[in-house]
Amino acid sequence: MVKYDYIVVGAGAAGCVAAARLSADPGRSVLLIEAGPADDDPRIARPVAWPQLLGGDLDWGYRTAPQAELHGRRLAWPRGRVVGGSGAINAMVHILGAASDFDAWARWGGDLWTADRMLPLFDEIFDETEAAGGPDEPARIPVAANPRPHPFADAFVTAAQKYGLPANLDFNRGTQEGVGLYRTTRTGDRPGAPARRANTAYTHLRPALGRANLTVLPDATVLNVVVERGRATGVLVRHGGESRTITADAEILLCAGTVSTPHLLMLSGVGPAAELAGVGVPVAVHLPGVGRNLHDHLQVSLAYDTTTGHPVDDRSNLGEAGGFITLLPGSPAPDVQLSFAPMKNLNNASHLGRGFTIGPAITRPRSRGRLTLNTADPAAHPRIDPAYLSDPNDLEILVEGVRIALDIAGTDPLGDLTCGPPPVAGTSRWRLEEYVRDNAETQFHPVGTCRLGRETDEEAVVDPRLRVRGVTGLRIADASVIPSMITGNVHAAVAAIGLRAAEFMREDHG
Ligand SMILES: Cc1cc2nc3c(=O)[nH]c(=O)nc-3n(C[C@H](O)[C@H](O)[C@H](O)COP(=O)(O)OP(=O)(O)OC[C@H]3O[C@@H](n4cnc5c(N)ncnc54)[C@H](O)[C@@H]3O)c2cc1C
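Under an unreviewed UniProt entry, the name given to the chain is GMC family oxidoreductase N-terminal domain-containing protein, and the organism recorded is Microbispora oryzae. On record in UniProt, under Sequence similarities (unreviewed entry), the comment for the chain is "Belongs to the GMC oxidoreductase family." The record in UniProt for the chain states the following under Cofactor (unreviewed entry): "FAD".

Draft legend 1. Spotlight on the environment of Gly10. Relative to the helices and strands, Gly10 is located in the loop between strand S1 (3-9) and helix H1 (13-23). For Gly10 and Leu253, which are 243 residues apart along the polypeptide, the C-alpha to C-alpha distance reads 8.9 Å.

Draft legend 2. Up close: the sheet that holds strand S8 (residues 183-185). With mixed pairing, the 3 strands of this open sheet are ordered in space as S5-S6-S8. The sheet terminates laterally at strand S5 (126-127) and S8, the two strands that pair on one side only. In the sheet, strand S6 (residues 141-145) pairs with S8 via 3 bridges, with the strands oriented antiparallel. Bridged to Ala144 within S8 is Thr184.

Draft legend 3. Local environment of the side chain of His94. Examined against the element boundaries, His94 turns out to sit in the loop between strand S4 (76-77) and helix H3 (99-109). Residue class for His94 comes out buried when judged on its relative accessible area of 2%. A polar side-chain atom of His94 sits 3.3 Å from a polar atom in the side chain of Glu128. Other than its neighbours up to four places away in sequence, His94 contacts Phe126, Glu128, Val143, Asn172, Arg183, Thr184, Thr185 and Ala492.

Draft legend 4. Expanded view of the environment of Cys16. Residue placement: Cys16 occurs in helix H1. The exposure class assigned to Cys16 is buried, which follows from its relative accessible area of 0%. Cys16 sits 212 residues away from Glu228 along the chain, and the two C-alpha atoms are 27 Å apart. In this view, Cys16 contacts Ala11, Gly84, Thr200, Ala201, His204 and Leu205; residues no more than four positions away in its chain are not counted.

Draft legend 5. The site of the ligand, seen in detail. Around the ligand, the surrounding shell holds 38 residues, and the nearest of these are Glu34, Ser86, Val93, Ala479 and His491. At 3.1 Å from an oxygen atom of the ligand is found a main-chain nitrogen or oxygen belonging to Ala14. Take Val82: an N or O atom from its main chain is 3.2 Å from an oxygen atom of the ligand. The protein chains hide 98% of the 1,000 Å² of surface that the ligand would expose on its own. Only H1, strand S10 (220-228), helix H7 (257-267) and helix H12 (491-508) provide two or more residues apiece to the shell around the ligand. Here the shell around the ligand is composed, by residue class, of 21 nonpolar, 13 polar and 4 charged.

Draft legend 6. The arrangement of the UniProt feature "binding site: FAD" (unreviewed entry) in the chain in detail. Per the UniProt record, "binding site: FAD" (unreviewed entry) is found at Val82, Asn90, Ala91, Met92, Val93 and Val222. Taken along the chain, the residues just named run across 141 residues; in space they spread out, the farthest C-alpha pair reaching 29.8 Å. Among the secondary structure elements, Val82 is positioned in the loop between S4 and H3. Excluding residues within four positions of it along the chain, Val82 makes contact with Ala11, Glu34, Gly36, Pro37, Ala38, Asp39, Ile44, Leu58 and Ala88. A relative accessible area of 13% places Val93 in the buried class.

Draft legend 7. A look at the side chain of Asn317. Along the chain, Asn317 turns up in the loop between strand S16 (302-309) and strand S17 (321-325). On the accessibility criterion, Asn317 (2% relative accessible area) is buried. If we skip the residues at most four places from it in the chain, Asn317 touches Pro47, Trp50, Ala91, Met92, Val93, Thr184 and Arg186.

Draft legend 8. Region of interest: the UniProt feature "domain: Glucose-methanol-choline oxidoreductase N-terminal" (unreviewed entry) in the chain. When the UniProt feature table is mapped onto this chain numbering, "domain: Glucose-methanol-choline oxidoreductase N-terminal" (unreviewed entry) sits at residues 257-271. Taken as a whole, residues 257-271 contains 73% helix and 13% strand, while its terminal C-alpha atoms sit 16 Å from one another.

Definitions and limits used
Residues numbered from 1 in each chain as written. Predicted model: local features only at pLDDT ≥ 70, side-chain atom pairs only at ≥ 80, totals over all residues. Heavy atoms only, no water. UniProt positions renumbered as here; feature names shortened; annotations may be inferred. Helix = DSSP H or I, 4+ residues; strand = E, 2+ residues; numbered from the N terminus. Pairing = 2+ DSSP bridges. Buried < 20%, exposed > 50% of the residue type's maximum accessible area, 1.4 Å probe, protein only. Polar contact = N/O pair within 3.5 Å; in protein donor to acceptor, adjacent residues only side chain to side chain. Contact = heavy atoms within 4.5 Å. Near = heavy atom within 4 Å. Areas by Shrake-Rupley, 256 points an atom, 1.4 Å probe, with all protein chains shown as cover. Nonpolar A, V, L, I, M, F, W, Y, C, P; charged D, E, K, R; others polar.

Here it is in structure tokens:
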């Protein structure tokens, strides 16, 4: 029988960091299992190409359940299915979040999950020096400004300032409030080595591949965790047309993401007992919180045609600029994030360099949905119901976000560029609300389905050290453990969770 000390399931944003950190101890054997292939598709490295990866072979291709508040629409929910995970297909925008986001986590996780604990981890994972990330193997993820911003992105920043937003040169230092060009996770631009995507597969996993104690198994799907008398002993894996069990002596770490991690738990008999029994899965541990607390950033795209076109550089990540705006008195951090791209639809690569899109998104939604098991067949997708806008507060914020985005688009120099009818016909409250319901899409940041919490918290799935409650030898590190949303893009926080989990494991296993 094949045996490892640690098995990590999912080579995504968190899984690559965790596997690299765990395998730094030569005395421990680590197996990293990934459902998707190796990340050798050249489009992954090219910053501009990420929309081409959506809906293809490297995407799990999920869709939500019909969303009652979005006129019954089912939304596409891209998730990376490749080494690098969603970090291999994402837009590379680097936002750390507000310190208050992490302090809010302390409400669930106590002292282990405060801003003071989380923020130092970012310095360990990300390198913000402009010179970072040459062709040699970087040990941290380089973060860089775009050396050649698209002229429309510059026009957006100028227009937003004229509209009244303050300039912000770096959303990760000081306040998030204001408008500016995004910094992104990419290598520096050097002669003969153009800037490329830098994700945790590139910076953390790749340099660790030569270690004798690290095995990476791509194209291998974990079907369930084997749970025997309350202990996770191994995983059932489908690889090359065959299924086999691989055993972990010390621990199994689930890093399969917000959709797959709760799905795997439920397929393993860990979840709400009545629901599992209802689809014929034998119950190992009743954990009612598995699949609950699902939430996401919802974004509305306002797309405009322009009188002129400008080619988009291959090194553009498309989502080149953005802004943060506080709407509600007493908000601990901005309520709306604006994202700007020099293309007509953020979720679709049409009209590259002809037209632009401004996408307001709600930063800390109150709506909470659920992920449930449709069937005991591991090949079937679970039912994903984010219950978007089920809390009316979220609609209010998005309507106001759309109003602001329309005003900025009408302000010069952006207003000067546009032609054709505006995306919303009229600005009455009803029109704006209908526009939101007809056009809102995911900003690609679902979190929360295996939320962390204290032992006394009935709906907690993992304890503050990320151990699955009621099962020994099983931990989770990915976006699913996030209890409440980050103000801004979530990749950085997820990578930090991967590092945190590896530290907990090393401490617990000596
Ligand atoms: C299109 C898109 C754009 C985005 N843009 C940004 C952005 O600009 N900035 C930002 O900060 N964030 C962005 N994000 C979000 C960010 O990439 C994710 O939040 C982050 O990658 C989540 O990390 P994770 O480790 O939880 O899951 P993932 O990175 O999704 O990794 C999970 C891994 O587990 C694997 N897996 C799943 N099930 C199994 C199984 N049964 N067996 C084996 N392996 C399995 C998957 O194939 C995947 O590789 C974007 C996401 C998407 C999809």
